[in-house]
Amino acid sequence: MEYYSEQISQLIAELSSLPSIGSKSAQRLAFHILHMPHADVKRLSETILSARENVRFCKECFTLTDQDICPICADEKRDHHTIMVVEDSRDMAAYEHTKEYKGVYHVLHGAISPMQGIGPDDIRLKELMARLQSDVDEVIIATNSSLEGETTAMYISKLVKPTGIKVSRIASGVPVGGDLENTDEITLLRALEGRTEL
Ligand code: ZN
């Protein structure tokens, strides 16, 4: 790092603070940016800033969106009585790619992890329970098949069962420890179709 002048080092440091960007990638990106036309760098930085300032949580499903209500929740043709619970917006996108699921979602923004000190209050569980006050037929738990995902699934099923609402868990077609977002569409569909009632 000390071979570079201060501003270059600073850019590399900022980039390497991003997830999955090691110091080599950060240097590659930094020099790429420094060689980009000024207008392109301006557009990139403005896009980042504007997304950060305007993106917020959907008031219904808590996915990230630039509107009050995300396009999926706002779509009247979707089945609003079926809620699929996912860990993050990327998992929701993975199921949307299949184009088969017609219900709506609930995005937890994480999973319960006693090891990392993440408890039920640290994810959007209260918000899920509040949504169940309205007319809901089924809650499909599609958290990852990691230890955290399974812990969260069990916790949610215990909360939902007393309400009398059907609660199911997607089949274990999703590889153990695998992230939903990295699972192919056919596997995701099989997991959804083969879901079991808890
Ligand atoms: Zn929404």
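None of these values were measured; they are calculated from a predicted model.

A word on the domain arrangement of the chain
For the chain, the assigned domains read domain 1 (6-54) and domain 2 (70-197). Here the C-alpha centroids of domain 1 and domain 2 sit 34 Å apart.

Looking at the packing of helix α1 (residues 6-16) against helix α2 (residues 23-35)
The N-to-C vectors of α1 and α2 enclose an angle of 125°; their axes lie 8 Å apart at closest approach. Here α1 is positioned oblique relative to α2, judged by the angle of their axes. Two packed elements cross with a definite hand, and for α1 against α2 that hand is right-handed. In contact with Ile8, Leu11, Ile12, Leu15 and Ser16 of α1, α2 contributes Ala26, Gln27, Leu29, Ala30, Phe31, Ile33 and Leu34.

Section: the coordination of the zinc ion
Ideal geometry at a metal gives 109.5 degrees between four tetrahedral donors and either 90 or 180 degrees between six octahedral ones. Each protein donor to the zinc ion is listed here as Cys58 (SG), Cys61 (SG), Cys70 (SG) and Cys73 (SG); together their distances run 2.3 Å. Between the four donor atoms coordinating the zinc ion, the angles at the centre fall across 105 to 117°, so the site counts as tetrahedral. Spacing between the donor residues of the zinc ion along their common chain follows C-x2-C-x8-C-x2-C. Owing to a relative accessible area of 2%, Cys70 belongs among the buried residues under this scheme.

Some remarks on the side chain of Thr98
You can see Thr98 is positioned in the loop between α5 (89-97) and β4 (103-107). For Thr98, a relative accessible area of 9% puts it in the buried group. Within the structure, Thr98 has its side chain in polar contact with the backbone oxygen of Tyr95 (distance 2.6 Å). If we skip the residues at most four places from it in the chain, Thr98 touches Glu185, Leu188 and Leu189.

Remarks on the pairing of strand β6 (residues 166-169)
Taken together, the four bridges between strand β5 (residues 138-141) and β6 define a ladder with parallel strand orientation. Pairing of Ile141 across the sheet is with Arg169, part of β6. Where the polypeptide runs from β5 across helix α7 (residues 147-160) and back to β6, its parallel neighbour, the crossover connection is right-handed. Across two bridges, the pairing between β6 and strand β7 (residues 196-197) is antiparallel. From the neighbouring strand, Ser168 faces β7, where its bridge partner is Glu197.

Section: the pattern of salt bridges
The tally for this structure, following the rule as stated, stands at 10 salt bridges. Of the charged contacts, one joins Asp121 and Lys126 as a salt bridge, the two residues approaching to 3.9 Å between their closest N and O atoms. Across this residue pair, the class does not change: Asp121 and Lys126 are exposed. Of the charged contacts, one joins Arg124 and Glu127 as a salt bridge, the two residues approaching to 3.1 Å between their closest N and O atoms.

Let's talk about the sheet that holds β5
Strands sit in the order β4-β3-β5-β6-β7 across an open sheet of five strands; the sheet is mixed. Single-partner strands in this sheet number two, and they are β4 and β7. In this structure, strand β3 (residues 79-86) lies alongside β5, joined through four bridges in parallel fashion. Bridge assignment links Val85 to a residue of β5, and that residue is Ile141. Against the sheet, α5 makes contact with β3 and β4, and its axis sits at roughly 160° relative to β4, the strand it touches most.

A look at the nonpolar core
Ranked by internal contacts, the top residues of the largest apolar core, which has 37 residues, are Met84, Tyr95 and Leu132. Looking at this core, the elements that each hand over two or more residues are α4 (71-74), β3, α5, β4, α6 (125-131), β5, α7 and α8 (185-193). Considering every element that reaches this core, the biggest residue donor is β3, with four residues. Other than its neighbours up to four places away in sequence, Leu132 contacts Ile83, Val139, Val160 and Ile165. Leu15, Ala26, Ala30 and Ile33 belong to the second-largest nonpolar core, a separate cluster that totals five residues.

About the cut-offs
- Residues numbered from 1 in each chain as written.
- Predicted model: local features only at pLDDT ≥ 70, side-chain atom pairs only at ≥ 80, totals over all residues.
- Heavy atoms only, no water.
- Domains from an automatic or database assignment.
- Axes fitted to C-alpha atoms, helices over the stretch in contact; angles between N-to-C directions.
- Helix = DSSP H or I, 4+ residues; strand = E, 2+ residues; numbered from the N terminus.
- Parallel < 35°, antiparallel > 145°, perpendicular 65-115°, else oblique.
- Left-handed = near helix turned anticlockwise from the far one by under 90°.
- Contact = heavy atoms within 4.5 Å.
- Donors = N, O, S within 2.8 Å, 3.2 Å for Na, K, Ca; no water.
- Tetrahedral: all angles 85-135°; square planar, octahedral: opposite > 155°, others 65-115°.
- Buried < 20%, exposed > 50% of the residue type's maximum accessible area, 1.4 Å probe, protein only.
- Polar contact = N/O pair within 3.5 Å; in protein donor to acceptor, adjacent residues only side chain to side chain.
- Pairing = 2+ DSSP bridges.
- Right-handed = clockwise from strand over helix to strand, strands pointing away.
- Salt bridge = Lys/Arg side-chain N within 4 Å of Asp/Glu carboxyl O.
- Core = buried A, V, L, I, M, F, W, Y, C linked by side-chain atoms within 4.5 Å.

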